[in-house]
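# Notes for the structure review
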Amino acid sequence: ACPKSDESDMLLFEDTGGNDVLLDVLLTMASEGDPYLSEANVSQAMLQSFREGGQVWEYRTLKLPETCPQYQRIMTNLEIGAKNVLKHDLDKISRLRGRPDADRFCRIWSERCMRLFQLCPVPSLDLVGLNNIELWAASYTVPTSSLPPAIGDEVELCSQANPLYTCLKLVLQHFEAAKRREMLCGVMGDVDTADIELVLHALLSLANATPPQVPSTTASRQQLCHDLFDILHDLPRPYILGLCKQM
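Residues numbered from 1 in each chain as written. Predicted model: local features only at pLDDT ≥ 70, side-chain atom pairs only at ≥ 80, totals over all residues. Heavy atoms only, no water.

Side chains that carry opposite charge are capable of pairing whenever their charged atoms lie near each other. Taken as a whole and assessed by the stated rule, the structure comprises seven salt bridges. Here arginine 60 ties to aspartate 24 by a salt bridge, and the two come within 2.6 Å at their closest N and O atoms. Highlighted residues: arginine 60 in helix α4 (residues 54-61) and aspartate 24 in helix α2 (residues 21-31), separated in sequence by 36 residues. Residue class for arginine 60 comes out partly exposed when judged on its relative accessible area of 33%. Here lysine 83 and glutamate 79 are joined by a salt bridge, their closest N and O atoms 3.3 Å apart. (Salt bridge = Lys/Arg side-chain N within 4 Å of Asp/Glu carboxyl O. Helix = DSSP H or I, 4+ residues; strand = E, 2+ residues; numbered from the N terminus. Buried < 20%, exposed > 50% of the residue type's maximum accessible area, 1.4 Å probe, protein only.)

Now the structure itself:
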């Protein structure tokens, strides 16, 4: 068999409805405390369910009874495994600039993020790797001269130009404005302790991410900037000034 690339591995467990019969049987056995299933077997099935999503995730994985042997350890392993998967895949996605399938990868990744947040009482960008400043810096400083021509509609073009920002936008759109600002900037009660660095790099990526291969139309620029403006427009004035000084 031909070896798979890292990118194709990411799609190996793409959500196709989450109706995997084998997974359903395995997790049903786990919920009933089947002695023939080891902790490692259950943890592996749970992580695969996390990748696939759908009904098996909602009705088997998330509802695994607490009476299941080693329940706490299995759920801890699932959370740790999901975080590792998301951070690994985000690193790969950030390198997909100019790829016509970038938007598809971004959407699959963001859906998996929301599954992880179902396990975590306090969702944050740190859990999934979106606060990795080195990753952001690399996303807009990598040369773009060798990228293939971009094709697709406005949304697809924006994802090809800046897949990392697209991932950020897709995750934040699931939250109310106040929670989005908190995830980006920290608690806004004290401007002096607010986090500027992540927002700064997100803004720089918007300013620098569009390669020559992506048409720089007014519509594409508006598409890229609209959501971030919604987050920034009512931030405290000292915070905005701090951003301007750093740029």
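Here the focus is the side chain of histidine 201. Locating histidine 201 in the fold gives a position in helix α11 (residues 197-208). Here histidine 201 falls in the buried class, since its relative accessible area comes to 12%.

We now examine the packing of helix α3 (residues 39-52) against helix α5 (residues 71-93). One can describe the packing of α3 onto α5 by two numbers: an axis separation of 9 Å at closest approach and a directional angle of 45 degrees. Our classification of the angle between α3 and α5 gives oblique. At the point where α3 passes α5, the crossing takes the right-handed sense. Only Arg73, Ile74, Met75, Asn77, Leu78, Gly81, Ala82, Val85, Leu86 and Asp89 of α5 make contact with α3, whose side of the interface consists of Glu39, Val42, Ser43, Met46, Leu47, Phe50 and Arg51. When its residues are assigned to classes, the contact of α3 with α5 shows 10 nonpolar, three polar and four charged. (Axes fitted to C-alpha atoms, helices over the stretch in contact; angles between N-to-C directions. Parallel < 35°, antiparallel > 145°, perpendicular 65-115°, else oblique. Left-handed = near helix turned anticlockwise from the far one by under 90°. Contact = heavy atoms within 4.5 Å. Nonpolar A, V, L, I, M, F, W, Y, C, P; charged D, E, K, R; others polar.)

What follows deals with the environment of leucine 116. Turning to its location among the elements, leucine 116 is positioned in helix α6 (residues 102-119). According to the relative accessible area criterion, leucine 116 is buried, its value standing at 0%. Remark: the alpha-carbon pair of leucine 116 and lysine 83, spanning 33 residues in sequence, is separated by 7.4 Å.

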